[in-house]
Amino acid sequence: MAAFAHSAPCWVDVQLPDLEAGKRFYGELFGWTFRAGEEVDRGGPCVDALSGGKLVAALAAKQDGRMPTAWGIYFATDDIVATVTRIRQAGGQVITEPVRVGAAGVLAQAADPGGAVFGLWQAGDRSGFQKQNEPGSFCWTEVYTRQKDRVDAFYEQVLGFRGTNLGAADTHGPGRGEPGTGEPGIGGSGTTGAGADTTGEPVTRGSGTGESEAPESETPESGTSGSDEDVPGVDFRMWSPAGSEPGPDTAIGGRSVITDAFPAEMPSYFLNYFAVADCDATAETGAHLGGRVSVPPFDIPYGRMAVLHDNQGAEFAVLQPPVSR
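Model, not experiment: these values are computed from the prediction. (Residues numbered from 1 in each chain as written. Predicted model: local features only at pLDDT ≥ 70, side-chain atom pairs only at ≥ 80, totals over all residues. Heavy atoms only, no water.)

**Overview of the overall build of the chain**
Okay, step 1: Check the secondary structure of the chain and you find 4 helices and 16 strands.
Okay, step 2: Looking at the 325 residues of the chain, the share that counts as buried comes to 58%.
Okay, step 3: A separation threshold of at least 6 residues defines the contact pool for the chain, and within that pool the share at least 24 residues apart is 70%.
Okay, step 4: For the chain, the exposed area adds up to about 12,100 Å²; of that, 47% sits on carbon and sulfur atoms. (Helix = DSSP H or I, 4+ residues; strand = E, 2+ residues; numbered from the N terminus. Buried < 20%, exposed > 50% of the residue type's maximum accessible area, 1.4 Å probe, protein only. Contact = heavy atoms within 4.5 Å. Areas by Shrake-Rupley, 256 points an atom, 1.4 Å probe, with all protein chains shown as cover.)

Next comes the structure, spelled out in structure tokens:
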């Protein structure tokens, strides 16, 4: 398994009240197969999810009903202790101190200054995804926040992200011809709040969003600042990994803004995307399986997307990339 560049998204997982029900849902929705989790004392049932025989995610049974039913994102780091130190210095909160997960690696969990929760992973025997940016696998993540200035500075200091504000030159979409690449959200359509697990690991623990819903007719957008390519009415900052040339072609995630159009109690959160071959069919299948389509399929410059909740409430997005011409 190839190593991930520092600060690149390297893993996602979800905590669920009913693991078997989750396996049925995601197995039908994405065609995933499952195997028992390996290499760590998990403290509860957990399975690795595979697409075409390659690792793409993990599902875990929640051990504490107070924790959110949520998808969580993990970013790669080559020095987790130093990264945790930078989190504190930049105004974030460390939720789970670095802890070794057997031979697999070392994890930590933290919250940014706006309260959005994310994980860190320093690889040992397990680097993370074996497949991404293809149907049935992770392709994008974006954080929604009310404190954009603090959050922008935080991630650029802690993870070394190179930021680019959305601009007119980007409207044709980065990464054309590669499924799931580029910047799908452009201000986003996320509809839920955030939560944190205080004990966890990249193969078992979610650190993503909860289940409170915002108006589907609105998207968290407002005016943007600090860019040479600003688009009026859109406030979205793309992130490229440390060491890369910032811009649409290298972007791996982004930051959007929760505006006053959304409930005041709606906290910051990460929305994670999975690439699919047919957005409309995936949304229909998700509803048929007992899930809920909170944002119906719609077109964006980077393809066609929708936001769903699974049959237990965990939120995620799906993206069908545009057909190459």
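Okay, back to it.
**Notes on the sheet that holds strand β8 (residues 117–123)**
What holds strands together in a sheet is hydrogen bonding between their backbones, with the strands either parallel or antiparallel.
Okay, step 1: Here we have 8 strands laid out as an open sheet, ordered β2-β3-β4-β1-β5-β8-β7-β6, and mixed in their pairing. Of all the strands in the sheet, the pair left with one neighbour each is β2 (33–36) and β6 (93–101). Each neighbouring strand pair of the sheet contributes to a mean axis angle of 25°, computed without reference to strand direction.
Okay, step 2: In the sheet, strand β7 (residues 105–111) pairs with β8 via 7 bridges, with the strands oriented antiparallel. Residue pairing for β8: alanine 108 is matched across the bridge by leucine 120.
Okay, step 3: Against the sheet, helix α1 (residues 19–30) touches β1 (9–16), β2, β3 (46–51), β4 (54–61) and β5 (70–76), its axis set at about 145° to β4.
Okay, step 4: Docked against the sheet, helix α2 (residues 80–89) engages β6, β7 and β8, running at close to 175° with respect to β6. (Pairing = 2+ DSSP bridges. Axes fitted to C-alpha atoms, helices over the stretch in contact; angles between N-to-C directions.)

**Looking at the sheet that holds strand β9 (residues 138–145)**
Okay, step 1: Pairing is mixed across the open sheet formed by 8 strands, whose spatial order is β10-β11-β12-β9-β13-β16-β15-β14. In this open sheet, the two edge strands, each paired with only one partner strand, are β10 (162–165) and β14 (292–300). On average, adjacent strands in this sheet sit at an angle of 25° to one another, irrespective of strand direction.
Okay, step 2: For strand β11 (residues 237–240) and strand β12 (residues 253–257), the ladder comprises 3 bridges, and the chain directions are antiparallel. Bridge pairing links tryptophan 239 to glycine 253 in β12.
Okay, step 3: Contacts from α1 reach β13 (269–275), β15 (303–309) and β16 (315–320) within the one sheet, and its direction differs from that of β16 by about 10°.
Okay, step 4: On top of the sheet, helix α4 (residues 279–288) reaches β14, β15 and β16; it is set at about 10° to β15, its chief contact.

**Overview of the packing of α1 against α4**
Okay, step 1: Across the interface, α1 lies against α4 with an axial gap of 9 Å and an inter-helix angle of 155°. Regarding the angle of α1 to α4, the classification is roughly antiparallel. Seen along the crossing, α1 lies across α4 with a hand that is right-handed. Where α1 abuts α4, its residues Phe25, Glu28, Leu29 and Phe30 lie against Thr282, Thr285 and Gly286.
Okay, step 2: Tallied by class, the residues present in the contact of α1 with α4 amount to 3 nonpolar, 3 polar and 1 charged. (Parallel < 35°, antiparallel > 145°, perpendicular 65-115°, else oblique. Left-handed = near helix turned anticlockwise from the far one by under 90°. Nonpolar A, V, L, I, M, F, W, Y, C, P; charged D, E, K, R; others polar.)

**Observations regarding the pairing of β14**
Okay, step 1: Both β14 and β15 contribute to a ladder of 6 bridges, which runs antiparallel. Across the sheet, residue valine 295 finds its bridge partner in β15, namely valine 307.
Okay, step 2: Here β14 hands over to β15 after 2 residues, the two strands then running antiparallel side by side.

**Re the nonpolar core**
Okay, step 1: In this structure, Trp32, Trp71, Phe118, Tyr155 and Phe316 are the most contacted members of the largest nonpolar core, which totals 62 residues.
Okay, step 2: For tryptophan 32, the residues in contact, after removing those within four places along its chain, are Tyr26, Gly27, Ala49, Leu50, Ser51, Val56, Ala57, Leu59, Trp71, Gly136 and Phe274.
Okay, step 3: With 21 residues, the next largest nonpolar core counts Phe236, Ala251, Val295 and Val307 among its residues. (Core = buried A, V, L, I, M, F, W, Y, C linked by side-chain atoms within 4.5 Å.)

**Re the pattern of salt bridges**
Okay, step 1: The tally for this structure, following the rule as stated, stands at 11 salt bridges.
Okay, step 2: Of the charged contacts in the structure, one is a salt bridge between arginine 88 and glutamate 97, with a shortest N-O distance of 2.3 Å.
Okay, step 3: On the accessibility criterion, glutamate 97 (42% relative accessible area) is partly exposed.
Okay, step 4: Across the pair arginine 255 and aspartate 152 runs a salt bridge, and its minimum N-O distance is 2.8 Å. Of this pair, arginine 255 sits in strand β12 while aspartate 152 is found in helix α3 (residues 148–158), placing the two residues 103 residues apart along the sequence. Both residues of the pair, arginine 255 and aspartate 152, belong to the buried class.
Okay, step 5: Each of the salt bridges in this network shares a partner with another, and the network as a whole consists of Lys148, Asp152, Asp235 and Arg255. (Salt bridge = Lys/Arg side-chain N within 4 Å of Asp/Glu carboxyl O.)

**As for the packing of aromatic side chains**
Okay, step 1: Under the defined criterion, the tally for this structure stands at 27 aromatic pairs.
Okay, step 2: Measuring from ring centre to ring centre gives 5.7 Å for tyrosine 26 and phenylalanine 316, while their planes differ by 55°; the resulting arrangement is tilted. Note that tyrosine 26 is positioned in helix α1 and phenylalanine 316 in strand β16, a separation of 290 residues in sequence. Like tyrosine 26, the residue phenylalanine 316 is buried in the burial classification.
Okay, step 3: Of the aromatic side chains, those joined through ring pairs into one cluster are Phe25, Tyr26, Phe30, Trp32, Trp71, Phe274 and Phe316.
Okay, step 4: Positioned over the ring face of tryptophan 11 is arginine 126, at 5.6 Å from the centre of the ring. (Phe/Tyr/Trp six-rings, centres within 6.5 Å; stacked < 30°, edge-to-face > 60°. Lys NZ or Arg CZ within 6 Å of the ring centre and 35° of its normal.)

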